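# Breakdown of the fold
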Amino acid sequence: MAEINLNCKGLQCPGPIMQVFKAAKEAQAGDVLNVKVTDRGFSKDIQAWCKKTGNELLDLNETDTEITAKILKK
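Throughout what follows, the structure given in this document is the object of discussion. What you are looking at is a predicted structure, and each value in this text was computed from that prediction instead of being measured. (Residues numbered from 1 in each chain as written. Predicted model: local features only at pLDDT ≥ 70, side-chain atom pairs only at ≥ 80, totals over all residues. Heavy atoms only, no water.)

## What to know about helix α2 (residues 42-53)
Along an α-helix, residues three or four apart share an orientation, since each turn contains 3.6 residues. Spanning 12 residues, α2 covers 16 Å between terminal C-alpha atoms, matching the ideal 16 Å at 1.5 Å per step. Residues F42, S43, I46, W49 and C50 constitute the buried set of α2. Seen end-on, α2 carries its buried residues on one side only, within an arc spanning 130°. Of the residues in α2, the exposed ones pointing more than 90 degrees away from the buried face are K44, K51 and K52. Residues of α2 that are buried in the fold lie against α1 (15-26), β2 (32-37), β3 (56-62) and β4 (67-72). Remark: G54 follows α2 within two positions and exhibits a positive phi of approximately 85°. (Helix = DSSP H or I, 4+ residues; strand = E, 2+ residues; numbered from the N terminus. Expected span 1.5 Å × (residues − 1). Buried < 20%, exposed > 50% of the residue type's maximum accessible area, 1.4 Å probe, protein only. Arc of directions from axis to C-beta. Contact = heavy atoms within 4.5 Å.)

These results come straight from atomic positions and should not be treated as a statement about function.
Spelled out as structure tokens, the structure:
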């Protein structure tokens with residue numbers, strides 16, 4: 001199991017989801033993707049993406065300045 005850190009700050013939709021998609025494609029099952037984003041639409045997008053792709057959203061946090069997500073590659 002590896003942890004993959006993605007800094008997608010400053011990217012706007014669909015940039016962050018595309019970066020997560022690319023990283024997930026290269027990741028192995030059991031790897032965890034840690035994503036940092038500033039795009040406010042990312043929260044809904046990542047939840048839908050995880051449902052669609054079968055990956056597990058372990059954690060999702062929103063502050064005034066960033067959104068962080070932790071995703072388990074299935």
